[in-house]
Amino acid sequence: MSFASTQSAPGADRSGARPLALHGAIEQLFAASDAAGVMDICERLLTGLNIPGRLRWRLHGDVWTPDPGLRQLDLADDPQGLRTLTLECPIPPMPAPVEVELAWLGRIITSRLRQLAETARLYEAISRLALAERLQRALYAIAEQAGADHNMPDMMRALHGIVGSLMYAENFYIVLYDEATDSVRFPYYVDTMDAEPPPPDESVPLKDIEYSLTWNLLKAGQPIMGSIDEVSQLLQGRLVPIGPNCEHWLGVPLLREGRVVGGIVMQSYRDDTRYTQNDRELLSYVAQHVQTALERRAAHAELERRVTDRTAALREANRVLRQQVLQRQRGERLQAALFRIAEMASAPESLEGFYAAVHRIISGLIYARNFYIALLDDDGKQITFPYSVDEVDSVRPPRSHGRGATEYVLRHGKPLLADPAEIDRLVALGEINQFGARSVCWLGVPLVWNERVMGVLAVQSYTPEHTYTARDQELLTFVSYHIANALQRKHTNESLKQAYASLERRVDERTRALALANRDLREQIAERERVERRLKYETLHDSLTGLPNRTLLLQRLDHALAQYKADPQRLFAVLFIDLDRFKVINDSVGHLVGDDLLFQVGGRIRACLKTRDLVARLGGDEFAVLLDGISDGDMPLQIAERIIAELQVPFRLGIKEIFTSASIGIALPSMHYQQPEELLRDADAAMYSAKDDGRHRAALFDDRLRHEALSLLEMEGDLRRALSRSEFVPYYQPVVAIEDGRIVGFEALLRWNHPERGVLTPGDFLIVAEESGCSESIDWQIFEQVFAQTTALTRGEGFVSINVSGRHFRLSDLDERLLAAMERHGVAAQAIRIEVTERALLENPPQVKRMLENLRQRGIMISLDDFGTGYSSLSYLHQYPIQTLKIDRSFITELPADLAQLDGNQGLAVVRGIQVLADSLQMQVIAEGIEEEYQRQALLRIGTRYAQGFLFSTARPASEWLGPNAPTHLLPAIG
């Protein structure tokens, strides 16, 4: 029973909940993405409406065996799955309103299922279309290679690339078989695993590769695909592998008129790449076009052979006069036909009349009672029959490009003369799989224009009395060239007519549009000129102060530089002005007051200059001044002092009185300047020099600043090159027991093996590294080397300390990165110590504490470096997991040389206090910078156990601490 045609809507007397439930179900149904989702929503709806029964899918054609007490209600059909959504419910009839609701719901479900089916069909059609387009592009590319002016190797490489665009073809080769010599040649061979590919010009006897995969392909003349085991089973053991074994193999033969003339082979050495049935069919199809391309390459040789044969035939023809006369008569008829075709090409008659006239002309040359013209559309997918006269097939509707005899001529671009036996042979080869009415003889020739096959001219006979010969084929082929030219001219004339009509229509439309536009042209020109003037002004001026901006300044500066180079007496100067502490003013009184201040600053600077001088705002609180026509080098300094004095006067901004000052950099022209930006850059550098000297002053850019800038730039370049060359290495200074000189550990210190300046300490380059952003990368390069050398240095005991700066703690995963690096090098946690400074603990304390605690839990000890020189907050010692305190060398140098004066020495008191504090907290103390014996004795008296310094050893490369003769004790005497 089905409710698909019951009443159209649920009854109005239902309660309010049921219509709401049905409304919600409709929204859910049209949101479902597949049939399973539709069924799930229906089940929830039936449960919510208290409708008894169970839903299931019933395939079309299934016989339903009802359970006792149940009946079957068909709700909706699924066209995609050829099935019906059925409700099995109790036999007692449902209330009429419920049945009305079910019928209405069934129609909604049917509509949604149809939408889903149509969507799936469209997606499938799009996929097929995309594949067809790829194949078509590949075939066009193959056809272009056949006609391109390339040598054979280049064409082979291009064919490889085309096939690779369709499927996996990393390993690809083409084999050609010469039946006359029973040998093969590999003109193109690419294999990633074969170290000895065959030479492309060398012929190999076929028996030398007997029972190989290539041999089986050429002998069988059929595609072969599969793994070595699968192909061996397919060939029933007739397989002798040659060369590297591949994971999967695919080969298709190259056929010429049914004979094997070669093959195309692809191999895969990858486990995850295997060829499919679609790949085999696609490669077989592409191979036909590849064969055509190869044959066209050999056309020149064939043409020479045909010329030789034709010459011999003409010699024979000279001996047969009657045949020559007959041929002349035939030629006269043919010439008359060609003249008639040429006349029709320029005649004004329609295409239909032209086709009928062509039919009459061909009928005067050969038997053409059954005749049709087939044309290919522009995209090559549809075939139309604008003219057809046939005693059997009276109607030839348009059709898609298939595998008929017409399509065979279109694909191969050459005539086809076929009797039933030839048709059967082509069907067996897969070249043709559809044919119209069975004829006794069929002859088709291609219509070619613009070097493309655009159609087919075909005649056929249904009686044995009329058959076609090779002579008829040649005649029709010759006539087809002229028909194609005439047809092309006809189509061109039709296109021109349409183009002329379209052009006339567009001219009329454009004339009317121009007439309308001319009314507003003057107003538009005036408005555009006004806008252009405004845009030009805004482009060259600052929107806040109204002063010229950087662009206008650089233009004027470029002009002044050009005048100076032409006449060095025309001096000028560039002043770079930066307000001191402007950010403090901006943050304290607000941006509006700051903008007002900038506006007044620009006015005051302008008041200090001559009319022809230029003042520009570069952005933020930076201004620049171009002083033109100065007489000497002292004048810019005087003007700069005047500006500084003017800006010292308080600014009245509303109710507030604001004080500010300025730092000014000055650059004078020189012949080495090439661009105006260089002058502005040097003035900026001079301004920063003025700030470094205490601000509120002016500085002139000189050779010292230029040398510092070049040195800084050179140092930055050397640092980046050093990173790429791994020139940074760790040097190790030992930590020793003060009492006996026993080495208990090492501190890794950064050194740079500069190729020109030798070994450099961090003081020579670290500031530049931090400013250029290279310091973190340098540290990680050192960390990796230290971790790689730690096991050999410690020999299973002791430790190596690395210094981690505060910059590293800005990364939330520093601890995990360090642990991962240690794990890569197999370093034990107790062999590494992390040294941090008090300043590092102040930056983001929660994050630093979390990372240090994580490292400590993993067994890594934490040392507080330079203790006593920073804030020296005792809260660090219990808030952070610190196990070692390192006393800074500044306290050690304060120790007196005379041990009798130790009791009253302030430095000794500080060191003793740190030692007592560390002992009470059970921390280890290491004294740094021990250079004299009296310092060691003083530390021994205090109770300090460990130290490092030049008294024991300087920092040395790892090679001096490794090996069987490396020292384990360092007595003070060697210092």
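Given the structure is predicted, the values throughout are model-derived calculations rather than measurements. (Residues numbered from 1 in each chain as written. Predicted model: local features only at pLDDT ≥ 70, side-chain atom pairs only at ≥ 80, totals over all residues. Heavy atoms only, no water.)

1. As for the sheet that holds strand β21 (residues 661–667)
Now for step 1: With respect to topology, five strands assemble into an open sheet ordered β17-β18-β16-β21-β22, the strand pairing being mixed. At either end of the open sheet lies a strand with only one pairing partner, and these are β17 (614–619) and β22 (698–700). Ignoring strand direction, the axes of neighbouring strands in this sheet form an average angle of 20°.
Now for step 2: The sheet contacts of helix α18 (residues 676–692) involve β16 (571–580), β17, β18 (622–630), β21 and β22, and relative to β21 the element is tilted by about 135°. (Pairing = 2+ DSSP bridges. Helix = DSSP H or I, 4+ residues; strand = E, 2+ residues; numbered from the N terminus. Axes fitted to C-alpha atoms, helices over the stretch in contact; angles between N-to-C directions. Contact = heavy atoms within 4.5 Å.)

2. Examining the side chain of S183
Now for step 1: By the secondary structure assignment, S183 is in strand β5 (residues 183–190).
Now for step 2: For S183, a relative accessible area of 10% gives the class buried.
Now for step 3: Of note is the side chain of S183, whose polar atom sits 2.7 Å from the side chain of T181.
Now for step 4: Apart from the residues within four sequence positions on either side, S183 is in contact with L176, Y177, D178, S203, V204, P205 and L206. (Buried < 20%, exposed > 50% of the residue type's maximum accessible area, 1.4 Å probe, protein only. Polar contact = N/O pair within 3.5 Å; in protein donor to acceptor, adjacent residues only side chain to side chain.)

3. Some details on the pattern of salt bridges
Now for step 1: Using the criterion set out here, one finds 26 salt bridges in the structure.
Now for step 2: Salt-bridge contacts for R742 lead to D740; the nearest nitrogen and oxygen are separated by 4.0 Å.
Now for step 3: Its relative accessible area of 35% is what places R742 among the partly exposed residues.
Now for step 4: A salt bridge links R956 to E960; its shortest N-O distance comes to 3.9 Å.
Now for step 5: Owing to a relative accessible area of 41%, E960 belongs among the partly exposed residues under this scheme.
Now for step 6: Three or more residues joined by partner-sharing salt bridges are found here, namely E747, E835, K886 and E928. (Salt bridge = Lys/Arg side-chain N within 4 Å of Asp/Glu carboxyl O.)

4. A short note on the environment of L376
Now for step 1: Looking at the secondary structure, you find L376 in strand β10 (residues 370–376).
Now for step 2: When the C-alpha atoms of L376 and T551 are compared, they prove to be 61 Å apart, with 175 residues separating the residues in sequence.

5. Focus on α18
Now for step 1: The terminal C-alpha atoms of α18, which comprises 17 residues, lie 25 Å apart, in line with the 24 Å expected from a rise of 1.5 Å per residue.
Now for step 2: Every buried residue of α18 is listed here: P676, L679, L680, D682, A683, A686, M687, S689, A690 and K691.
Now for step 3: In the stretch just after α18, G694 is the one whose phi turns positive, near 120°. (Expected span 1.5 Å × (residues − 1).)

6. Some remarks on the packing of aromatic side chains
Now for step 1: What the rule picks out here adds up to 17 aromatic pairs.
Now for step 2: Taking 5.6 Å as the distance between ring centres and 70° as the angle between the ring planes, the aromatic pair formed by Y372 and F385 counts as edge-to-face. Placement of Y372 in strand β10 and of F385 in strand β11 (residues 382–389) is noted, with a sequence separation of 13 residues between them. Pair check on accessibility: Y372 and F385 agree, each one buried.
Now for step 3: Stacked on the ring of F651, the Lys or Arg R604 has its end atom at 3.6 Å from the ring centre.
Now for step 4: Across the ring face of F799, the terminal group of R833 is positioned such that the distance to the ring centre comes to 3.7 Å. (Phe/Tyr/Trp six-rings, centres within 6.5 Å; stacked < 30°, edge-to-face > 60°. Lys NZ or Arg CZ within 6 Å of the ring centre and 35° of its normal.)

7. Points about the environment of L416
Now for step 1: One can find L416 in strand β13 (residues 416–418).
Now for step 2: Residue classification places L416 among the buried residues on the basis of a relative accessible area of 5%.
Now for step 3: Separated by 57 residues in sequence, L416 and Q473 place their C-alpha atoms 8.1 Å apart.
Now for step 4: In this view, L416 contacts A405, Y408, V409, L426, W442, L443 and G444; residues no more than four positions away in its chain are not counted.

8. Side note on the confidence of the model for the protein
Should pLDDT be low for a region, the predicted coordinates there are not to be read in detail.
Now for step 1: Of all residues in the protein, 90% attain a pLDDT of 70 or more, and the chain-wide mean is 82.
Now for step 2: Within the model, pLDDT remains below 50 along residues 1–15, and this stretch shows 29 contacts once partners closer than five positions in the same chain are excluded. (pLDDT = per-residue confidence, 0-100.)

9. What to know about the nonpolar core
Now for step 1: Formed by 75 residues in total, the largest nonpolar core has its most connected members in F728 and I834.
Now for step 2: Of all the elements, helix α21 (residues 775–794) adds the most residues to this core, at seven residues.
Now for step 3: Non-local contacts of F728, meaning those with residues more than four positions away in its chain, are made with L719, A722, L723, L750, R751, W752, F765, I778, Q781, I782 and Q785.
Now for step 4: The next biggest cluster of nonpolar side chains, apart from the first, holds 32 residues, and it includes F354, L375, L447 and V479. (Core = buried A, V, L, I, M, F, W, Y, C linked by side-chain atoms within 4.5 Å.)

10. With respect to the sheet that holds β5
For sheets, the rule is that strands pair by backbone hydrogen bonds, running either parallel or antiparallel.
Now for step 1: The strand order β6-β5-β4-β9-β8-β7 describes an open sheet built from six strands, whose pairing is antiparallel. Only two strands of the sheet have a single neighbouring strand rather than two, namely β6 (203–205) and β7 (224–226). Between one strand axis and the next, the sheet turns by 25° as a mean value, whatever way the strands run.
Now for step 2: As paired elements, strand β4 (residues 171–178) and strand β9 (residues 259–268) share six bridges and run antiparallel to each other. Its bridge partner lying in β9, F172 is registered against M266.
Now for step 3: The sheet strands contacting helix α4 (residues 152–166) are β4, β5 and β9, and the helix crosses β5 at an angle near 65°.

11. Some details on the packing of helix α15 (residues 582–589) against helix α16 (residues 591–607)
Now for step 1: Where α15 contacts α16, the axes come no closer than 6 Å and their chain directions differ by 135°. Considering their axes alone, α15 and α16 lie oblique with respect to each other. Between α15, through F582, I585, N586 and V589, and α16, the contact on the second element is made entirely by H591, V593, G594, L597 and L598.
Now for step 2: Within the contact of α15 with α16, the residues separate by chemical class into six nonpolar, three polar and no charged. (Parallel < 35°, antiparallel > 145°, perpendicular 65-115°, else oblique. Nonpolar A, V, L, I, M, F, W, Y, C, P; charged D, E, K, R; others polar.)

12. A closer look at the side chain of T110
Now for step 1: As for its position among the elements, T110 is in helix α3 (residues 96–147).
Now for step 2: Excluding anything up to four places from it in sequence, T110 contacts L75, A76 and D77.

13. Overview of the packing of α4 against helix α7 (residues 277–297)
Now for step 1: The interhelical angle for the contact between α4 and α7, taken along N-to-C directions, is 165°, at an axis separation of 12 Å. Taken as axis vectors, α4 and α7 run roughly antiparallel relative to one another. The crossing of α4 and α7 is right-handed. In contact with M152, M155, M156, L159, V163 and L166 of α4, α7 contributes L282, L283, V286, V290, A293, L294 and R297. (Left-handed = near helix turned anticlockwise from the far one by under 90°.)

14. Description of the pairing of β17
Now for step 1: Among the six residues that make up β17, five are buried, leaving the element largely enclosed by the rest of the structure.
Now for step 2: Sheet topology note: the β17/β18 ladder contains five bridges and is antiparallel. By the bridge assignment, L614 is partnered in β18 with L626.
Now for step 3: The turn linking β17 back onto β18 is made up of two residues, and G620 within it adopts a positive phi angle of 65°.

15. Thoughts on unusual backbone geometry
Now for step 1: The backbone of D182 shows a phi angle near 55°, a positive value even though the residue is not glycine.
Now for step 2: Positionally, D182 belongs in the loop between β4 and β5.
Now for step 3: At Y211, a residue that is not glycine, the phi angle is positive and equals roughly 70°.
Now for step 4: Relative to the elements of secondary structure, Y211 occurs in the loop between β6 and α5 (213–220).

16. Looking at the pairing of strand β14 (residues 441–449)
Now for step 1: For β14, a buried count of eight out of nine residues is recorded, marking the element as mostly surrounded by other parts of the structure.
Now for step 2: Sheet topology note: the β13/β14 ladder contains three bridges and is antiparallel. Residue pairing across strands places L416 opposite G444, the latter belonging to β14.
Now for step 3: Here nine bridges tie β14 to strand β15 (residues 452–461), and the two strands are oriented antiparallel to one another. Looking at the pairing, P446 lines up with V456 of β15.

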